[in-house]
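Survey of secondary and tertiary structure
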Amino acid sequence: MFDWNDLRFFLELQRSGRLLTAAKRLNTTHSTVARHIESIEQSLGTALFVQHAQGYELTPSGQALLKHAEAMENVALLAQEEITQAITPLGKIRLGVTEGIGIMFFTPRMKALFQRYPGLEVELVAVPRFVSILNREAEISIHLERPSADLLITRKLTDYRLALYASQDYLDRAPPLNTREDLARHSWIGYVDDLLFSQELLFLNSFCRAPNVVFRSTSVIAQQHAAQAGLGIAVLPNYMARHDPRLVRVLPSETIQRSYWICTRRELHKSVRLRVVWDYLLALCAAEQDELLAE
């Protein structure tokens with residue numbers, strides 16, 4: 001029988017696709033990772049990976065092993081969860097979110113959670129992309145689209161509205177802006193199209209057929225700062241921008257609505273620490289509907 005410890009290295013290489021990345025995540029060297037992979041391949045008598053220019057990819061044998069390796073990992077995680085929760089009812093939970101809601105909405109509203117559960121530790125991974133639950137980047141993840149993987153438990157977190165914002169300085173020197181037709185004459189701020197992580201971020205054409213985009217960023221916070229600096233008009237969530245004294249709402253009747261979805265791995269949903277954070281986020285968004293859906 002192969003060494004069960006080798007499965008940790010197998011799973012990490014499968015998730016990262018590269019020896020150096022897997023080694024960094026496991027706090028070891030790439031040669032150590034390679035040695036463990038070679039060991040399990042020799043024990044099983046078959047190759048588990050093929051190497052391409054883009055990285056390592058599972059062979060059919062590797063695909064067959066993957067479901068069993070993940071099942072063993074899940075059992076180990078649940079055993080650890082059951083024992084540690086019996087000793088201390090809380091601990092660390094990692095929450096993966098997109099920048100806007102993670103930094104501008106959740107973070108200022110987390111104090112009550114920690115007051116209620118002083119043993120809790122939250123790691124907020126707020127990045128301009130989706131954080132993968134299946135690859136163990138986080139235990140809870142917030143998405144702009146509903147994930148469809150069978151291994152996940154998913155529910156709608158909340159709807160939210162976005163609108164047009166610009167600085168007063170920009171509006172003072174820009175062409176008049178009174179109707180939707182005037183938007184074609186203005187400068188725009190938007191996302192980098194070929195780096196979009198969701199089609200739900202294709203906002204600009206909802207307002208203007210051929211927007212003149214002068215500044216693009218993968219970060220919605222950078223877009224807000226660009227609007228504050230007077231570079232043009234940005235489409236921003238109302239919960240981020242409507243209280244910003246440096247921004248002015250443009251064409252107030254023009255809004256769009258999008259949704260956030262919350263998900264976790266099915267086997268983790270029974271975790272006490274996960275449910276504490278999960279339930280808090282759902283209750284928070286339900287209580288803040290006036291802010292999230294502000295016209």
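Residues numbered from 1 in each chain as written. Predicted model: local features only at pLDDT ≥ 70, side-chain atom pairs only at ≥ 80, totals over all residues. Heavy atoms only, no water.

1. Observations concerning the pattern of salt bridges
Summed over the entire model, instances satisfying the criterion amount to 14 salt bridges. Across the salt bridge formed by R216 and D193, the nearest N and O atoms sit 3.4 Å from each other. With R216 in strand β8 (residues 212-216) and D193 in the loop between β7 (187-190) and β8, the pair connects residues that are 23 residues apart, well separated along the chain. Judged by its relative accessible area of 39%, R216 falls in the partly exposed class. Shared partners join several salt bridges into a network, and the residues in it are K92, R94 and E123. (Salt bridge = Lys/Arg side-chain N within 4 Å of Asp/Glu carboxyl O. Helix = DSSP H or I, 4+ residues; strand = E, 2+ residues; numbered from the N terminus. Buried < 20%, exposed > 50% of the residue type's maximum accessible area, 1.4 Å probe, protein only.)

2. A few points about the packing of helix α5 (residues 99-106) against helix α8 (residues 220-228)
Contact pair α5 / α8: the axes reach a minimum separation of 8 Å and the direction vectors enclose 70 degrees. The orientation of α5 relative to α8 falls into the category roughly perpendicular. Of the residues in α8, those touching α5 at E99, G100, I103 and M104 are V220, I221 and Q224. Of the residues belonging to the contact of α5 with α8, the class tally is four nonpolar, two polar and one charged. (Axes fitted to C-alpha atoms, helices over the stretch in contact; angles between N-to-C directions. Parallel < 35°, antiparallel > 145°, perpendicular 65-115°, else oblique. Contact = heavy atoms within 4.5 Å. Nonpolar A, V, L, I, M, F, W, Y, C, P; charged D, E, K, R; others polar.)

3. Things to note about the environment of V235
Note on placement: V235 falls in strand β9 (residues 233-237). With relative accessibility at 2%, the residue V235 sits in the buried group. Excluding anything up to four places from it in sequence, V235 contacts L162, A163, L164, W188, F203, L204, F207 and I256.

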